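Coordinate analysis (summary)
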Amino acid sequence: MSGPPDGAPPRSTKRRELLVSSAVSRAAGELDPFSCTFRDAALEAEFRRESFENNLIQIRIAHILGVLLWVVWGVLVRGDLGPDQRFDLEMRYGVFIPIILMSLALSFTGFYRRIWQPAAAAAILATGFAWISYVSVIDTMPIDYGYVGVILIMTFGYTLIRVRFALAFLVSGVLVVAYLAIGLGTNELSRHDVKLPLFYLLSFWALGMIAAYVLERSARLLFLRERELDRERSRSESLLLNVLPSAIVARLKKREEEAGEARIADGIDQATVLFIDAVGFTGEAARTPPDVLVGALDELFSLFDEIADRIGLEKIKTVGDAYLAVAGAPRPRPDHVAAAATMALAAQDAIREARWPSGNPIEVRMGIATGPLVAGVIGRRKFAYDLWGTP
């Protein structure tokens, strides 16, 4: 039977991708199409927590950039201010920059995590209203500066500070309406043709909100995908730990990351192997339905697993009706002989009253061997941790 074409992902990878994609599609149905928020309150809270942690540094950098832009702005427009230079300095260093610095300082408080979205929206609104008042007072300021400033403030809100779509939509709408209302009321716009500022503001508001919606939706879908991938990774990790010892799993991962080599082989100076074999199992198999027989064997081996976990032996494998465990591998232990003997005695006590489905008592043969051995993992598919050599 031929395998997948060269360069094609293995079937297991394709299946995992399909499962994750399907799970994300189902979860995306829980995303409200209008507010772009999750209907599940717990999922929404988890997204907001992760979003805050991922964006906190970016938010602080945005505040610092905002301060720098206000300083640069003062240098660029100094020639256009005329007699209003003092007013510009008072507004720039007494209002605009302090608003940003207070918002930045708030980001270092312990409660900022809970209020960062409304706090950021409030800072943007305060800056926007201050800006609209500023340009309406300075008569020598070109009209283009007014609406371009409003556009820059809105852009900061949904790109760098990452205000959520619903808040960005509301804040941007309030600033646009406020600029038009205050501008017309103070003759800032009334003595000019209002069509161009109106066109730019409304166009940017519409396009900006589309961009904000797409950015947030993409971030939320990415959050869902990573969440599902984490679940799949945890599930795979759990399955792997059921097959291999945890110490071996860690070493396999490290080897694959460093050299792409999965083979492991260790020489163990002293270890003790315990072998338990069910007596008369072939006869029981002939007279017992398969599902009942396998269920009984599963209960028996699960009992041995519990004992091995409690005493600290490593289960190696089961072969038919035989159970193999080792003490002293993969981690050496000085009391390996005593540990194996303790498990053997505990297993005898545990099955003293146990019976097969036929009613016959369960009897086992046990063997213990001590000495040096080789332990490791070989193979590329369905690999397992195994033992070779003596004992």
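Look a little higher up for the structure.
A brief report on the enclosed structure follows. All values derive from a computational prediction rather than experimental measurement.

What counts, and where the lines are drawn
Residues numbered from 1 in each chain as written. Predicted model: local features only at pLDDT ≥ 70, side-chain atom pairs only at ≥ 80, totals over all residues. Heavy atoms only, no water. Helix = DSSP H or I, 4+ residues; strand = E, 2+ residues; numbered from the N terminus. Buried < 20%, exposed > 50% of the residue type's maximum accessible area, 1.4 Å probe, protein only. Contact = heavy atoms within 4.5 Å. Core = buried A, V, L, I, M, F, W, Y, C linked by side-chain atoms within 4.5 Å. Expected span 1.5 Å × (residues − 1). Bend = angle between axes of the 7 residues up to and from the residue.

1. Here we look at the overall build of the protein chain
Across its full length, the protein chain holds 11 helices and five strands. The burial tally for the protein chain puts 39% of its 391 residues in the buried class. Relative to all contacts within the protein chain whose residues are 6 or more apart in sequence, the contacts with residues 24 or more apart total 71%.

2. A closer look at the nonpolar core
Looking at soluble globular proteins, one finds that nonpolar side chains tend to be buried together. Residues Trp131, Tyr134, Val150, Tyr179 and Leu201 are the most contacted members of the largest nonpolar core, which totals 41 residues. Secondary-structure elements contributing two or more residues to this core are helix 2 (41-76), helix 3 (85-106), helix 4 (112-137), helix 5 (143-160), helix 6 (165-185) and helix 7 (195-243). Ignoring anything within four residues of it in the chain, the contact list for Trp131 reads Trp70, Trp73, Phe96, Tyr145, Gly146, Gly149, Val150 and Ile153. Core analysis: the second largest hydrophobic core is formed by 26 residues, Leu274, Ile311, Ala347 and Ile351 among them.

3. What about helix 3?
Taking 1.5 Å per residue, 22 residues should reach 32 Å; helix 3 reaches 30 Å between its end C-alpha atoms and fits that length. At Pro98, helix 3 shows its largest kink, close to 35°. By the burial criterion, the buried members of helix 3 are Asp88, Met91, Arg92, Phe96, Ile97, Ile99, Ile100, Ser103 and Leu104. Against helix 2 and helix 4 lie the buried residues of helix 3.

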